[in-house]
Amino acid sequence: GINAEYGGLAECTVFCVFVCAFVCVKMTLLSTLLGRQKSQTGGAAPAANAEPTTTNPIEVDELERAKEEALKQSASAAMESGMFENAEFKRTVSSESLSDPKVKALQQQLREWINDVLTDDHIVVKNLCEDLYDGQVLSHLIESLAGAKIEHKEVAQSIASQKAKLTEVLNQTNYHLQMNPESIKWSVDNIHNKYLVSILHLLVALARHYGIPKRLPSFVTVKVIQINKASAGNPEPSEEVIMEQVTGDEERETYNFAARQQERDVFDTLFDSAPDRVNNVKEKLLTFSGNMLSKMGRSCSNIEEDFASGVNLIFMMSIAESYYVPLYSFTLEPDAYDHKLHNVTLALNLMMEAGIERPKCTAESIVSRDLKSTLRVLFAIYTKYKHQM
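## Things to note about the overall build of the protein chain
Secondary structure summary: the protein chain contains 17 helices and 4 strands in total. Counting all 389 residues of the protein chain, 41% fall into the buried class. Sequence-distant contacts in the protein chain: of pairs separated by 6 or more residues, those separated by 24 or more amount to 63%. Accessible surface for the protein chain amounts to roughly 22600 Å². Of this, 54% is attributable to carbon and sulfur atoms.

## Some details on the environment of S318
Here S318 is to be found in helix 14 (residues 311-321). The spatial distance from the C-alpha of S318 to the C-alpha of M296 is 10.0 Å, given a sequence separation of 22 residues. Once residues within four sequence positions are removed from consideration, S318 is found in contact with Y323, Y324 and V325.

## Quick word on helix 17 (residues 371-385)
Counted at 1.5 Å a residue, the expected span for helix 17 with its 15 residues is 21 Å, and the 21 Å between its end C-alpha atoms agrees. The buried count for helix 17 comes to 11 of 15 residues, which makes it a mostly enclosed element. Every buried residue of helix 17 is accounted for by L371, S373, T374, L375, R376, V377, L378, A380, I381, Y382 and Y385. Residues of helix 17 that are buried make contact with helix 11 (266-273), helix 12 (278-293), helix 13 (303-306), helix 14, helix 15 (337-353) and helix 16 (363-367).

## Re the packing of aromatic side chains
According to the stated counting rule, one finds 4 aromatic pairs in the structure shown. A centroid spacing of 5.1 Å and a plane angle of 90° characterise the contact between F288 and Y382, whose relative ring orientation is edge-to-face. Note that F288 is positioned in helix 12 and Y382 in helix 17, a separation of 94 residues in sequence. Overall, the relative accessible area of 7% leaves F288 in the buried class.

## Topic: the side chain of E244
Mapped onto the elements, E244 comes out in strand 4 (residues 238-245). One buried charged side chain, E244, makes no salt bridge at all; its nearest oppositely charged neighbour is R91, positioned 4.6 Å away. In this structure the side chain of E244 is engaged in a polar contact, spanning 3.1 Å, whose partner is the side chain of H201. Excluding residues that lie within four positions of it along the chain, E244 makes contacts with K185, V197, H201, V220, T221, V222 and V224.

## Notes on the nonpolar core
Nonpolar side chains in soluble globular proteins tend to be buried together. Ranked by internal contacts, the top residues of the largest apolar core, which has 44 residues, are L110, I114, L132, L203 and L206. Looking at this core, the elements that each hand over two or more residues are helix 4 (101-117), helix 5 (128-132), helix 6 (136-146), helix 7 (159-177), helix 9 (196-210) and strand 3 (221-228). Of all the elements, helix 9 adds the most residues to this core, at 11 residues. When sequence neighbours within four positions are dropped, the list of residues in contact with L132 reads I114, V125, N127, V137, L138, I191, I199 and L203. Among the nonpolar cores identified, the runner-up in size contains 43 residues, and F267, V278, F315 and I356 belong to it.

## Observations regarding the packing of helix 4 against helix 9
The packing of two helices is summarised by the inter-axis angle and the distance between the axes. Relative to each other, helix 4 and helix 9 sit at 55°, their axes nearing to 11 Å. As the angle between them shows, helix 4 and helix 9 are arranged oblique. As helix 4 packs across helix 9, the resulting crossing turns out to be left-handed. Taking contact as the criterion, the partners of L106, Q107, L110, W113 and I114 in helix 4 are, on helix 9, L196, L200, L203, V204, L206 and A207. Classifying every residue of the contact of helix 4 with helix 9 by side-chain character gives 10 nonpolar, 1 polar and no charged.

## Topic: the pattern of salt bridges
This model, assessed by the stated rule, comprises 4 salt bridges. The salt bridge involving E130 is made with K194; its shortest N-O contact spans 3.0 Å. Taken together, the positions of E130 in helix 5 and K194 in the loop between helix 8 (188-192) and helix 9 put the pair 64 residues apart, joining distant regions of the chain. Across the pair E305 and R369 runs a salt bridge whose closest N-O atoms are separated by 3.0 Å. Highlighted residues: E305 in helix 13 and R369 in the loop between helix 16 and helix 17, separated in sequence by 64 residues. The class of R369 is partly exposed, set by a relative accessible area of 35%.

## Looking at the confidence of the model for the protein chain
Of the residues in the protein chain, 73% have a pLDDT of 70 or more, and the chain-wide mean is 78. Taken element by element, the predicted model of the protein chain shows its lowest mean pLDDT in helix 1 (residues 2-41) (46) and its highest in helix 14 (95). With pLDDT under 50 throughout, residues 1-19 is counted as low confidence; its partners more than four residues away or in other chains account for 0 contacts.

## Structural notes on the packing of helix 4 against helix 6
Contact geometry of helix 4 with helix 6 gives a least axis separation of 10 Å together with a crossing angle of 70°. When the axis of helix 4 is compared with that of helix 6, the two are roughly perpendicular. Crossing handedness for the pair helix 4 and helix 6: left-handed. Along the contact surface, helix 4 presents W113, I114 and V117, while helix 6 presents L141, S144 and L145. For the contact of helix 4 with helix 6, the class distribution of residues is 5 nonpolar, 1 polar and no charged.

Each value, and the rule that gives it
Residues numbered from 1 in each chain as written. Predicted model: local features only at pLDDT ≥ 70, side-chain atom pairs only at ≥ 80, totals over all residues. Heavy atoms only, no water. Helix = DSSP H or I, 4+ residues; strand = E, 2+ residues; numbered from the N terminus. Buried < 20%, exposed > 50% of the residue type's maximum accessible area, 1.4 Å probe, protein only. Contact = heavy atoms within 4.5 Å. Areas by Shrake-Rupley, 256 points an atom, 1.4 Å probe, with all protein chains shown as cover. Expected span 1.5 Å × (residues − 1). Phe/Tyr/Trp six-rings, centres within 6.5 Å; stacked < 30°, edge-to-face > 60°. Lys, Arg positive; Asp, Glu negative; His and termini not counted. Salt bridge = Lys/Arg side-chain N within 4 Å of Asp/Glu carboxyl O. Polar contact = N/O pair within 3.5 Å; in protein donor to acceptor, adjacent residues only side chain to side chain. Core = buried A, V, L, I, M, F, W, Y, C linked by side-chain atoms within 4.5 Å. Axes fitted to C-alpha atoms, helices over the stretch in contact; angles between N-to-C directions. Parallel < 35°, antiparallel > 145°, perpendicular 65-115°, else oblique. Left-handed = near helix turned anticlockwise from the far one by under 90°. Nonpolar A, V, L, I, M, F, W, Y, C, P; charged D, E, K, R; others polar. pLDDT = per-residue confidence, 0-100.

Put into structure tokens, the structure is as follows:
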């Protein structure tokens, strides 16, 4: 009996010790947590008779909302304006620039201009970054503006094929703009990354060169956030602000081909003021062209039809400049629109190489049998070579 009593007492003692140890451990953990919270907030422990401090939940909510809004704006800006990144830094357009009325007005004017140019292609651009980055729309734009021939017009799916297409498009663009390489502010990677600043620089250059109806807004500046990456000389990433000027004093800017596109020429006056004399001009140019082409056994009888394929224009330049144009460089009997466009583009390039100022027309207008455009081209050739025939 005594052994049973002592046994029960021992079990009770062990249980009590276990409970006390458990409570002590819990109290120690709670004390540690409270100490950490106090050290993180930098606050002192409240006095025994002090009222407990409380955090205003409204202030906490507002702070969290402000943080979330800043993150959303930053992410939204990167999504809307793309990114320029290299080994040293990455750049994004600030959210305030995206909402800047002048930046918005510039984008709107460029969109409307592109859509006007591409009306016949049934292409509508809604977002410059999203619609131009893969080179598909840009290829149509350059073909329409410059009469260039882009070989790969199919829709590119992979990133590699998109960049290959974009490379070809930008090479054509840079060639026709004839800009100093150091002044070119766009690249394949920047355009493909949908970097708004580079896209705006490209479109502004095209608009000035090819004839946007209304001058662009002056002194449009974009605020760019640049994050400098950590390096040996810069162990911690750093941030700086760059103000990127996209347009200057556009009222004084030289709109090269654009200015000539907007000016009225002799053919505008002829068609508007003396339409009865158009046939006389047609007959004279037709006679001149026929005499030149007869040297190669060719003839012409219809201004609109006989020059739309570009073949006769190529032969006229070949005769006038006394050189041979290899047959592999153009299509002798073109049926497809693309082949005709290539031929006319080649003819216009041959004219420019011969020192003839490019007429106020596009290759597309010649292929489309536009009478005024065709007369302009033939008159330019006539003016240069009339004394040789």
